[in-house]
Amino acid sequence: MIKGESDDSYNNLITSVSNQINSLYNDYITKLYEYNNSTSEALDAMEEDNKVKATFFCLVRESEIDSLLPTIRTIQTRFNNKFGYPWIFVSDEEFSDNFKEIIRDKIPQNVSFGVIPKEHWSYPDWIDQKKAEEIRNDKSMSGIPYFNSESYRHMCRYESGFFYRHPLLNGYEYYWRVEPDTQIFCDLDYDVFQWMKDNDKKYGFTLTMREFPATIPSLWSSTQTFLKENPQYIAEDNLLNFISNDEGKTYNMCHFWTNFEIAAIDFWESEAYSKYFEFLDHNGGFFYERWGDAPVHSIAVSYFLNKDKIHFFQEIGYYHKPNLNCPYDIDIWKHYNCSCIRQNDFTHRKYSCGNRYFDVQGLRKPDGWDKMAAI
Ligand code: GDP
Ligand code: MN
């Protein structure tokens, strides 16, 4: 071996090891700093005030700031100015100081910004990245939303199995998931988090939808394989009939639209969900197909929870393109001072799964719902 060559490789090794140590150290300090300076302060305050430990949680790209600000505004004015919960914003990239300043200016409560740990937003080693890329490039799938997107897949996998492990969420019991470009339309005159806790609810939603079957060809069969091996996780009084029309033989594509969620963090941390996510993740469908966090969350919620733990927040009035939840029940619409048009409500329409949800839960549908079901 030529002398210089071995020196070079030794130096490269040292540089690479010290870079790795530096990066680990920086990550650690960043997390510690973020945690100590905001989250724990917010948690202490909630502890002192005897409040439920809850927070808004928003995964967002810095570039979406212009559609994020109106969203923050509606939530603040319709709910949070009164109840004062903190906010957490995370991204796969560091937010700029400018972004942080603008957001802090709009939210008087405690606000934290976090970076997603690399290992939560990258390929696990059992994924064949070449194969994943070839699948994304399949021209015959170009009509399916986001089918060719790599980042969308990381996002869906993150929202399925990792968001609740973000260090900034340590110590919290409930979160409200927020996305940019969404709105709420009604005055919430009660504390939704306290309500979740008092009523022992684990999962709350506003809209239901049907999934594109081409994004999840093997999700149902994988789920059934998992459940055959782990029948102990199936709740006795579950909501299976919401997601299946034939007692579990097939998936009917119904799901809670997860861009809005008010839920308990301990559900995702439960053994049932952790094992389920791990099983799905090893199957590879987040990358080889295009599994969304909505069907994954919804299948888990429907199988692992008793149905009285699940709640439809109709009075929140919520819009995420192109669907609106506006309380169709006129008394609710009036009581909560909603500024949306009831006739545009999606809940009871044909392509929503709202009517099925009402039936499975034994809820009374509002007068006139059947007129909407024809649309
Ligand atoms: P859609 O609702 O399914 O059309 O998907 P969106 O584009 O709204 O993405 C869902 C959520 O994930 C939104 O809150 C986005 O801001 C966020 N998101 C999507 N992709 C990325 C990404 O690459 N980086 C970050 N930081 N957030 C993302
Ligand atoms: Mn969205």
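Below you will find a few notes about this structure. Note that the structure is predicted; figures quoted are calculated from it, not measured. (Residues numbered from 1 in each chain as written. Chains lettered and ligands numbered in written order. Predicted model: local features only at pLDDT ≥ 70, side-chain atom pairs only at ≥ 80, totals over all residues. Heavy atoms only, no water.)

## Looking at the overall build of the chain
Looking only at helices and strands, the chain features 15 helices and twelve strands. Compactness check: the chain gives a C-alpha radius of gyration of 22 Å against a globular reference of 21 Å for 375 residues, within 12% of the reference. Principal-axis analysis of the C-alpha atoms places the extent of the chain at approximately 85 × 50 × 40 Å. Taking all 375 residues of the chain together, the buried fraction comes to 55%. Restricting the contact set of the chain to residue pairs at least 6 apart, pairs at least 24 apart contribute 77%. Here the chain displays about 18,000 Å² of accessible surface, and carbon together with sulfur accounts for 49% of that area. (Helix = DSSP H or I, 4+ residues; strand = E, 2+ residues; numbered from the N terminus. Rg over C-alpha atoms; globule rule 2.2 N^0.38 Å. Buried < 20%, exposed > 50% of the residue type's maximum accessible area, 1.4 Å probe, protein only. Contact = heavy atoms within 4.5 Å. Areas by Shrake-Rupley, 256 points an atom, 1.4 Å probe, with all protein chains shown as cover.)

## Side note on the site of ligand 1
Lining the immediate environment of ligand 1, one finds 14 residues, of which Leu59, Glu64, Asp92, Tyr146 and Tyr152 sit closest. Taking Arg61, its side chain carries an N or O atom lying 3.1 Å from a nitrogen atom of ligand 1. Its free accessible area being 570 Å², ligand 1 has 86% of it covered by the protein chains. If one sorts the elements of the shell around ligand 1 by residue count, helix 5 (residues 150–161) sits on top with three residues. For the shell around ligand 1, the residue count by class is seven nonpolar, three polar and four charged. (Near = heavy atom within 4 Å. Polar contact = N/O pair within 3.5 Å; in protein donor to acceptor, adjacent residues only side chain to side chain. Nonpolar A, V, L, I, M, F, W, Y, C, P; charged D, E, K, R; others polar.)

## Quick word on the state of the cysteines
Tallied over the entire structure, the rule returns three disulfides. One disulfide in the model links Cys186 with Cys338; its S-S distance is 2.1 Å. Because the torsion about its S-S bond is 110°, the bridge between Cys186 and Cys338 counts as right-handed. Residue Cys186 is located in the loop between strand 5 (182–184) and helix 6 (192–198), and its partner Cys338 is located in the loop between helix 13 (330–335) and helix 14 (354–361); the two are separated by 152 residues in the primary sequence. Across a sulfur-sulfur distance of 2.1 Å, Cys326 and Cys340 are joined as a disulfide pair. Negative torsions about the S-S bond denote left-handed disulfides, and the value of about 85° found for Cys326 with Cys340 makes this one right-handed. With Cys326 in the loop between strand 12 (323–325) and helix 13 and Cys340 in the loop between helix 13 and helix 14, this pair connects stretches of sequence that are 14 residues apart. Judged by its relative accessible area of 0%, Cys326 is buried. By relative accessible area, Cys340 is classed as buried at 3%. (Disulfide = S-S within 2.5 Å.)

## Looking at the sheet that holds strand 4 (residues 174–177)
The strand order across the open sheet formed by seven strands is 3-2-1-4-9-6-10, and the pairing between neighbours is mixed. Taken across any chain shown, the strands that pair with only one partner, and hence form the sheet edges, are strand 3 (111–115) and strand 10 (310–312). When the angles between neighbouring strand axes are averaged without regard to direction, this sheet yields 20°. Sheet strands touched by helix 2 (residues 65–83): strand 1 (54–59), strand 2 (87–91) and strand 4. Its angle to strand 2, the strand with the most contacts, is close to 160°. (Pairing = 2+ DSSP bridges. Axes fitted to C-alpha atoms, helices over the stretch in contact; angles between N-to-C directions.)

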